[in-house]
Amino acid sequence: MIIIGELINASRKAIGAAIEARDAAAIQKVAEDQHAAGADFIDVNAGIFVKKEPEYLAWLVQSVQEVIDGPCAIDSPNPKAIEAALAVHQGTPMINSISLEKERYENLMPIIAGTDMQVIALCMSDDGMPKTVEDRLKIADKLVNALLQNNVKMENIFVDPLVQPLSVDDTFGTEFINAVEQIMQKFEGIHTACGLSNISYGLPLRPFLNQTFMVMAITKGLDGAIVNPLDKKMMANITAAETLAGKDSFCMNFLQAFRAGKLD
Ligand code: THG
């Protein structure tokens, strides 16, 4: 599972305040903790600062990479902010995300085309949020084919079928995981990823629902996740589910995690 650490997001109070105060040390602590907990990418999101988003996102990337030798996932719908962050990023980042929304698509595709960056393809279009598996597959099909035509490798594409709250529509859970299954079957060598905490919005015991939903999604082939890597239970569930799903040869990963005290 490719783990994308979600915690450097300006919509979280402490992070928003740290950005405004230019408190690099506070950001760097959160980056280091997530990295140590196994995050492959550190997501950076300054989306609440609409006008200053490009400046702040670039500052986040620089602050993170002063202490982490690893890539960021640049999380913004704004191509200008993504460009500003890319200008200072060392190594090869992940772009989070391109979608079928016209402005986002047209401005981002030239930036991504022909590069070796990993890219999340979010199943969203100007027609609004997808509801069914078919809605998601239609958008995924267009996005994946366009990315391939623009010389992005299949293995660098992560389709995000878009998790929406179960409290709004009780079919949103199954429509999401069935979309994961079909996308993984249809495009050989592709990845899927999502921020799955939206599933539990408006319900009690959110961490419990998120952990269970993660296990269900892993059984359908989900292999990327934007999560809180400091949530030990979530990380333990991911490890166990992947081992049980046959993605852990000789159970080595499970045994190693056990010996490192990560499973209890
Ligand atoms: N898809 C893609 N990108 C995304 C999302 C997605 N980026 C943003 C979001 N959704 C995923 N990121 C977050 C970041 C923080 C939180 C939720 C989603 C969050 N965190 C808890 C908090 O602030 O209290 C802390 C985590 C915890 O304690 O468990 O709410 O869907 N492509």
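What comes next concerns the included structure. (Residues numbered from 1 in each chain as written. Predicted model: local features only at pLDDT ≥ 70, side-chain atom pairs only at ≥ 80, totals over all residues. Heavy atoms only, no water.)

## A short note on helix α1 (residues 13-20)
Thinking step 1. Restricting attention to buried positions, one finds in α1 the residues Ile-15, Gly-16, Ala-18 and Ile-19. Down the axis, α1 shows its buried residues gathered within 165 degrees of arc, on one side only. Of the exposed residues in α1, the ones pointing more than 90 degrees away from its buried face are Lys-13, Ala-14 and Glu-20.
Thinking step 2. Tucked into the core, α1 has its buried residues touching β1 (2-9), α2 (24-36) and α3 (53-67).
Thinking step 3. Arg-22 lies just past α1 and shows a positive phi near 50 degrees. (Buried < 20%, exposed > 50% of the residue type's maximum accessible area, 1.4 Å probe, protein only. Helix = DSSP H or I, 4+ residues; strand = E, 2+ residues; numbered from the N terminus. Arc of directions from axis to C-beta. Contact = heavy atoms within 4.5 Å.)

## Digging into the sheet that holds strand β6 (residues 157-160)
Thinking step 1. Reading across from one edge, β7-β6-β5-β4-β3-β2-β1-β8 is the order of the eight strands in this open sheet, with parallel pairing throughout. The two strands at the open ends of the sheet, each matched to only one other strand, are β7 (191-192) and β8 (224-227).
Thinking step 2. Bridge count between strand β3 (residues 72-75) and strand β4 (residues 94-99): three bridges; the pairing is parallel. The partner of Ile-74 across the bridge, within β4, is Ile-95.
Thinking step 3. Where α2 meets the sheet, it contacts β1 and β2 (41-45), and its direction lies at approximately 160 degrees from that of β1. (Pairing = 2+ DSSP bridges. Axes fitted to C-alpha atoms, helices over the stretch in contact; angles between N-to-C directions.)

## Things to note about the packing of aromatic side chains
For any two aromatic rings, the description comes down to two numbers: the centre-to-centre distance and the angle of the planes.
Thinking step 1. Across all of its chains, the model carries two aromatic pairs by this definition.
Thinking step 2. Judged by centre distance (4.8 Å) and plane angle (85 degrees), the rings of Phe-49 and Tyr-56 are edge-to-face. Of the two residues, Phe-49 and Tyr-56, both sit in the buried class.
Thinking step 3. When the centroid spacing of 5.7 Å and the interplanar angle of 45 degrees are considered together, the rings of Phe-176 and Phe-213 count as tilted. Remark: Phe-213 occurs in helix α8 (residues 206-219) and Phe-176 occurs in helix α7 (residues 172-186); sequence separation between them is 37 residues. No difference in accessibility class separates Phe-176 from Phe-213, as the two residues are buried.
Thinking step 4. Seen from the ring of Trp-59, Arg-22 lies directly overhead, with NZ or CZ sitting 5.8 Å from the centre. (Phe/Tyr/Trp six-rings, centres within 6.5 Å; stacked < 30°, edge-to-face > 60°. Lys NZ or Arg CZ within 6 Å of the ring centre and 35° of its normal.)

## Things to note about the packing of α8 against helix α9 (residues 232-244)
Thinking step 1. The geometry of α8 relative to α9 is characterised by a closest axis approach of 9 Å and an angle of 20 degrees between their N-to-C directions. The orientation of α8 with respect to α9, classified from their angle, is roughly parallel. Crossing of α8 against α9: the hand is right-handed. On α9, the residues touching Asn-210, Gln-211, Met-214, Val-215 and Ile-218 of α8 are Lys-233, Met-234, Asn-237, Ile-238, Ala-241 and Glu-242.
Thinking step 2. For the contact of α8 with α9, the class distribution of residues is six nonpolar, three polar and two charged. (Parallel < 35°, antiparallel > 145°, perpendicular 65-115°, else oblique. Left-handed = near helix turned anticlockwise from the far one by under 90°. Nonpolar A, V, L, I, M, F, W, Y, C, P; charged D, E, K, R; others polar.)

## Digging into the packing of α9 against helix α10 (residues 252-259)
Thinking step 1. Interhelical geometry of α9 versus α10 gives an angle of 155 degrees and a closest axis separation of 9 Å. In terms of orientation, α9 lies roughly antiparallel with respect to α10. Where α9 crosses over α10, the two elements pack in a sense that is left-handed. The residues of α10 that touch α9, namely those facing Thr-239, Ala-240 and Thr-243, are Asn-253, Phe-254 and Ala-257.
Thinking step 2. When its residues are assigned to classes, the contact of α9 with α10 shows three nonpolar, three polar and no charged.

## Quick notes on the environment of Val-180
Thinking step 1. Its location among the elements puts Val-180 in helix α7.
Thinking step 2. For the pair Val-180 and Thr-192, spaced twelve residues apart in the sequence, the C-alpha separation amounts to 6.7 Å.
Thinking step 3. Apart from residues lying up to four places away in sequence, Val-180 is in contact with Pro-161, Thr-192, Ala-217, Lys-220, Gly-221 and Leu-222.

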